[in-house]
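Here are the chains, one letter per residue:
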Amino acid sequence: VADLLLLALHGLAVKSAATPDAVAALVGQSPGDVQQALESAVADGHAIGAKGRFMVTPAGRAWLDDTYPRAFAAHRADPGFTSAADKFERINRDLLALLTDWQSMPAGGERVPNTHADPDYDRAIVDRLGDLHDRAAKVLDRLTSAEPRLEGYVTRLDAAYDKALAGEVDYLSGVRVDSYHVVWHELHEDLLRMLGRTREE
Amino acid sequence: MSTLTSERVVPLDGSVSPGKDRLGGKADGIVRMRRLGLRVPPAFTIPVTECRRYHDSGGRLDEETWRAVLDGLRWLERETGRRLGDPSAPLLVSVRSGAPVSMPGMMDTVLNLGITDEVERALATLSGDSDFARDTHTRFCAQFGKVVLDADIEDPEPGTDPESLRSQVAEESGREVPREPLDQLREAINAVFASWRSRRAIAYRKHWGISDEGGTAVTVQAMVFGNLGEASGTGVFFTRDPLTGSPQPYGEWLPGGQGEDVVSGTHAVQTLGDLAAQLPDVHAELLEAGRVLERENGDVQDIEFTVEKGQLYLLQTRSAKRSPAAAARTAVDFAEAGIVDRATALQRVTPEQVASVLQPRLAPAAAETAEVLARGEPACPGVAAGTVVGDSEAADAAAGEGRAVVLVRPTTSPEDIAGMIAARAVVTELGGSTSHAAVVTRALGRPCVVGVGRGVTADWTGREVTIDATKGIVYAGQLPTEAVRAEDDPALSRLLAWAREACPVQVVDEVPEGTVDLDAAGVGLDPATPPDPEQLGTLLTGAPCARGAMLATPAGARAVLEAGVPAMAAAPGQHPLVLLLHLLHARSEQRTASGGGGA
């Protein structure tokens, strides 16, 4: 039960204000169990709930920070896991550069918004995303074999990439859909928390 | 004047007819340039038919095709006076894919094929720059490893030994980077053909209903160098200023810069004016080429060029990326010069670009005297003011009360996104223009300044600030802004007049009786949940006029056209030109979809 408590609150911290269903999908647990765990976190003062959504409280954050080192000690001591996370950071930099090129284009020493009027430009970026998606798959294989619940991110990344390939432009960097960047950003946060690392940017 | 007898290789010397289906996009572009009398580095292409033959023979390059490639290579060597692998006069080539329709998943480009240890030494002597020769060799090994052998390796640091790259590649991929130039060429050609059936290319064709028949061409092109002698260099040339759109050519010139395979940071960038002073004939030829290509392609061109010993070569030309203001101005200028018609000019400018030009700006006088709190990197342009809040919850709460806030964070994590949506602008202490915060704010169109410095914002909470995210400056206090009037901008006022003339729907100033107000009906106010098209149709059908926030969206414009509404009135904050362009673009899409042709 302690593990479920941790996972539920951890998932909530990654997602911010979220429903039990969303947290359950993120951490790969049943919605009913997560609902229960979040209610008990509320009783402990680690979370607050309103209108079916929950949020982590400052006390909950402190509890997470105290609990992470023990809960994820095995990953933190596993060179295979940490080196895969290092590789993830490198791919992360490439992804952010790629999404920047998707949103804005160089023109005469400055960057201007991408109006998506040039299909060749957009296609080349979707191609780069495909290449990156393949590279990421190798790293994610290594991460999910140690932490199987991360498989949920892989499925969501696959779905976002498929949508991007099919021309749904929002699925690269959109904020209001489960875009490649939204999923990646959550996965990044998840890894940083498990490993006790600080975000560089 | 093709000197080659085989149909299996096509020299791109201007005698061949263009044709994307056979030659692929890349070679077709080269042929078109050659036929306009422009100089491009010599090249030949292995046509699309050979890709089919490659796959029909189970993924092997046919021996007769390879012999034709060797003939093509000999032709290239005669044209350039150099030879592949010959240290006394080394020829280096690039290999590129070129399908009739460009698509993801195809092997893209390998540069510098033909380099060996001996050729590296020769390049060092010829250029007087052993670092350049070393880097060319190292980066060839890295690129060949990544692109052809599919090794996931890091970009090498300058000065890395090619041997160390070779062993990295071997370790990652289990295959060797070939040392013999002809082996390099053959493997690269094979890889391009093989990539036609890559998982990603197949997936893309399936998504878009493109046949798996057909294939890609391979183009082999001589590389030219801007660093192998006097009167040499490389640069990029925009036929119009891409930021203002003025007819003043704009560009960068790097004397002694290598060319296609650009190494950053080693050469001081000069202007086209410097090129004119140093090599007046080259400059004149370049400008003339720009005029020819503008006319031919009907749009502003962005041309990459290299000068080798006083000889100008055009490497690539394409429609130039441009700022919103430049998009408006060049569209109007091209129509007035008779290069394109007005309908085309109106299609060239997006409603978002017009809205961006019309965004309020800081009053210059106010900005001059205001206190600058911090400077950072612009991540998403725009101007906004508000009270500083330090976290997402406070931003959400304040926005719920209708207060303008600016979210200030050290960095942003996923839980800050709700706050970024609620805030008028975002500032971060760390990170550059490619950070998570930058990506999210650009997706939202929220002005954002990143990287103002660790600890800089410590005591900002509760203060009033104004963000000029176009320049990357945070000012203390609420600074006055100035509206931009379309009537004051010659390009926008021209576009407005043309759009009114071309558009079947009028945009009126007076709101007539019976106008359907979608905002009042609560329709389409939340961009995340688009209204049901049928409900929208019922609301709009028979209406004499419509107005509402969602009419400034593609879906809104489509609904107005489909319901046959004769007029629209601008809602607060909407500009008539933005509405008109949405309508004209939607109408053009409808026509394209129904097969009636665009514009």
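Nothing here was measured: the structure is a model prediction, and the numbers come from that model. (Residues numbered from 1 in each chain as written. Chains lettered and ligands numbered in written order. Predicted model: local features only at pLDDT ≥ 70, side-chain atom pairs only at ≥ 80, totals over all residues. Heavy atoms only, no water.)

Colleague: Just checking my understanding: could you explain the overall build of chain A for this structure?
Modeller: Counting secondary structure elements, chain A contains 10 helices and four strands. Secondary structure elements in chain A, listed N-terminal to C-terminal, are α-α-α-β-β-α-α-α-β-β-α-α-α-α. Computed over C-alpha atoms, the radius of gyration of chain A comes to 18 Å, within 12% of the 17 Å expected from 2.2 N^0.38 for 201 residues, which places it in the range of a compact globule. Along the first, second and third principal axes, the C-alpha set of chain A runs to 55 × 40 × 30 Å. The buried share among the 201 residues of chain A stands at 53%. Within chain A, contacts between residues at least 6 apart in sequence are counted, and of these 60% link residues at least 24 apart. For chain A, the exposed area adds up to about 8500 Å²; of that, 53% sits on carbon and sulfur atoms. (Helix = DSSP H or I, 4+ residues; strand = E, 2+ residues; numbered from the N terminus. Rg over C-alpha atoms; globule rule 2.2 N^0.38 Å. Buried < 20%, exposed > 50% of the residue type's maximum accessible area, 1.4 Å probe, protein only. Contact = heavy atoms within 4.5 Å. Areas by Shrake-Rupley, 256 points an atom, 1.4 Å probe, with all protein chains shown as cover.)

Colleague: Explanation requested: the overall build of chain B in the structure shown.
Modeller: When its secondary structure is counted, chain B shows 21 helices and 25 strands. Looking at chain B as a whole, 51% of its 599 residues qualify as buried. Contacts in chain B between residues far apart in sequence, at least 24 positions, make up 62% of those at least 6 positions apart. Only carbon and sulfur atoms are counted for the fraction: they give 48% of the accessible area of chain B, which is about 25700 Å².

Colleague: Explain a negative patch on the surface here, please?
Modeller: Residues and elements named next belong to chain A. A surface patch of like charges, here negative, comprises Asp141, Glu151, Asp158 and Asp162. Take the negative patch: its biggest share by element is three residues, from helix α8 (residues 151–165). Relative to the helices and strands, aspartate 162 resides in helix α8. A relative accessible area of 42% places aspartate 162 in the partly exposed class. (Patch = residues over 30% accessible without salt bridge, like charges linked within 9 Å, V, L, I, M, F, W, Y side chains within 5 Å. Salt bridge = Lys/Arg side-chain N within 4 Å of Asp/Glu carboxyl O. Lys, Arg positive; Asp, Glu negative; His and termini not counted. Charge placed at Lys NZ, Arg CZ, Asp CG, Glu CD.)

Colleague: Looking at this model, I keep getting lost on the nonpolar core. Mind explaining?
Modeller: In summary, soluble globular proteins display a tendency toward joint burial of nonpolar side chains. Membership of the largest hydrophobic core comes to 119 residues, with the highest contact counts inside it found for Leu12 and Tyr180 of chain A together with Phe144, Leu185 and Ile189 of chain B. Looking at this core element by element, the count peaks at 10 residues for helix α6 (residues 79–103) of chain A. Among the nonpolar cores identified, the runner-up in size contains 49 residues, and Cys503, Val516, Leu561 and Val565 of chain B belong to it. (Core = buried A, V, L, I, M, F, W, Y, C linked by side-chain atoms within 4.5 Å.)

Colleague: How should I be thinking about helix α1 (residues 20–35) of chain B in this particular structure?
Modeller: Residues spaced three or four apart along an α-helix face the same direction, because each turn holds 3.6 residues. Residues and elements named next belong to chain B. For α1, spanning 16 residues, the distance from its first C-alpha to its last is only 15 Å, which falls clearly below the expected 22 Å at 1.5 Å a residue. The largest bend in α1 amounts to roughly 85 degrees and is located at lysine 26. Among all positions of α1, only Leu23, Gly24, Ala27, Asp28, Ile30, Val31 and Met33 are buried. Phi for glycine 37, located one or two positions after α1, is positive at around 80 degrees. (Expected span 1.5 Å × (residues − 1). Bend = angle between axes of the 7 residues up to and from the residue.)

Colleague: Where do I start with the confidence of the model for chain B in this structure?
Modeller: Low-pLDDT portions of the prediction should not be read for the details of their coordinates. Averaged over chain B, the pLDDT score is 91; the fraction of residues at 70 or greater is 96%. With pTM at 0.82, the complex prediction returns an ipTM value of 0.87. (pLDDT = per-residue confidence, 0-100.)

Colleague: For this particular structure, what's the right way to read the sheet that holds strand β7 (residues 217–222) of chain B?
Modeller: In sheet architecture, strand pairing relies on hydrogen bonds along the backbone and comes in two forms, parallel and antiparallel. Taken in spatial order, the five strands of this open sheet run β1-β2-β7-β5-β6 (chain B), and their pairing is antiparallel. Edge strands, defined here as strands with exactly one partner in the open sheet, are β1 (10–11) and β6 (109–113) of chain B. (Pairing = 2+ DSSP bridges.)

Colleague: It is not clear to me how the side chain of aspartate 302 of chain B should be interpreted in this structure. Could you clarify?
Modeller: All names here are of chain B. Its location among the elements puts aspartate 302 in strand β10 (residues 301–308). Judged by its relative accessible area of 9%, aspartate 302 falls in the buried class. Setting aside its immediate chain neighbours within four residues, aspartate 302 contacts Val236, Phe237, Phe238, Gln316, Thr317, Arg318 and Ala320.

Colleague: In this structure, what is going on with the pairing of strand β1 (residues 47–50) of chain A? I would like to understand it.
Modeller: A regular strand places its side chains so that they alternate between the two faces of the sheet. In terms of strand pairing, β1 of chain A meets strand β2 (residues 53–56) of chain A through four bridges, oriented antiparallel. Residue alanine 47 of chain A lies in a different strand from β2 of chain A, and its bridge partner there is valine 56 of chain A.

Colleague: What am I meant to see in the packing of aromatic side chains here?
Modeller: In this description, an aromatic ring pair is defined by two values, namely the gap between the centres and the angle between the planes. Residues and elements named next belong to chain B. Evaluated as defined, the whole model comprises nine aromatic pairs over all chains. Ring geometry for tyrosine 204 against tryptophan 208: centres 6.1 Å apart, planes inclined by 40 degrees, an arrangement best described as tilted. Taken together, the positions of tyrosine 204 and tryptophan 208, both in helix α8 (residues 199–208) and four residues apart, correspond to about one turn of that helix. Taking relative accessible area as the criterion, tyrosine 204 reaches 7% and is therefore assigned buried. Between the aromatic rings of tryptophan 253 and phenylalanine 305, the centroid separation amounts to 6.1 Å while the plane-to-plane angle is 10 degrees, which identifies the pairing as stacked. In this pair, tryptophan 253 sits in strand β9 (residues 250–255) while phenylalanine 305 sits in strand β10, placing the two residues 52 residues apart along the sequence. (Phe/Tyr/Trp six-rings, centres within 6.5 Å; stacked < 30°, edge-to-face > 60°.)

Colleague: Would you explain the pattern of salt bridges in this entry?
Modeller: Opposite charge on two side chains lets them pair, provided their charged atoms get close. Counted according to the given criterion, the structure contains 46 salt bridges over all chains. Notably, a salt bridge pairs arginine 193 of chain A with glutamate 189 of chain A, separated by 3.1 Å at the nearest N-O pair. Here arginine 193 of chain A pairs with glutamate 189 of chain A, and both are found in helix α10 (residues 180–195), just four residues apart, close to one helical turn. Each of the two residues, arginine 193 of chain A as well as glutamate 189 of chain A, counts as buried. A salt bridge links arginine 186 of chain B to glutamate 63 of chain B; the nearest nitrogen and oxygen atoms lie 2.8 Å apart. In this pair, arginine 186 of chain B sits in helix α7 (residues 181–195) while glutamate 63 of chain B sits in helix α3 (residues 63–80), placing the two residues 123 residues apart along the sequence. Counted as one network, the salt bridges with shared partners bring together Asp127, Asp131 and Asp134 of chain A together with Arg199 and Arg200 of chain B.

Colleague: Which parts of the structure should I look at to understand the interface of chain A and chain B?
Modeller: The parts lose accessible area when they come together, and the size of an interface is often stated as this lost area. Contacts between the two partners involve 51 residues from chain A, matched on the other side by 46 residues from chain B. Carbon and sulfur atoms make up 59% of the surface buried where chain A meets chain B, a total of about 4100 Å² over both sides. There are eight salt bridges connecting chain A and chain B. As a salt-bridge pair, aspartate 134 of chain A and arginine 200 of chain B come within 3.5 Å of each other at their nearest N and O atoms. Those elements giving two or more residues to the side of chain A that touches chain B turn out to be α1 (2–15), α6, β3 (104–107), β4 (110–113), α7 (119–146), α8 and α10 of chain A. When residues of the side of chain A that touches chain B are assigned to their parent elements, the largest contribution, 10 residues, is made by α7 of chain A. Split into classes, the residues belonging to the side of chain A that touches chain B amount to 18 nonpolar, 14 polar and 19 charged. (Buried area = accessible area lost by both parts, 1.4 Å probe. Nonpolar A, V, L, I, M, F, W, Y, C, P; charged D, E, K, R; others polar.)

Colleague: For this particular structure, what's the right way to read the sheet that holds strand β18 (residues 448–450) of chain B?
Modeller: All names here are of chain B. Across the sheet, eight strands lie side by side as β13-β20-β19-β15-β16-β17-β18-β14; this open sheet has mixed pairing. The open sheet is flanked by β13 (372–375) and β14 (377–380), the only strands paired with a single partner. Between one strand axis and the next, the sheet turns by 30 degrees as a mean value, whatever way the strands run. Note that strand β16 (residues 405–409) and strand β17 (residues 425–428) share four bridges and pair parallel. Within β17, the position partnered with leucine 407 by the bridge is valine 426. Set on the sheet, helix α15 (residues 392–400) makes contact with β15 (383–389) and β16; between it and β16 the angle comes to about 175 degrees. In the packing of helix α17 (residues 436–444) onto the sheet, the strands contacted are β14, β17 and β18, and the crossing angle to β14 comes to about 45 degrees. (Axes fitted to C-alpha atoms, helices over the stretch in contact; angles between N-to-C directions.)

Colleague: For this particular structure, what's the right way to read the packing of helix α11 (residues 324–336) of chain B against helix α18 (residues 490–502) of chain B?
Modeller: The relative placement of two packed helices comes down to the angle between their axes together with the axis-to-axis distance. Residue and element names in this part refer to chain B. Where α11 meets α18, the axes come as close as 9 Å, and the angle between the chain directions of the two elements is 65 degrees. Taken as a pair, α11 and α18 cross one another with a handedness that is left-handed. Between α11, through Ala328, Arg329, Val332, Ala335 and Glu336, and α18, the contact on the second element is made entirely by Ala491, Leu492, Arg494, Leu495 and Trp498. Partitioning the contact of α11 with α18 into residue classes produces seven nonpolar, no polar and three charged. (Left-handed = near helix turned anticlockwise from the far one by under 90°.)

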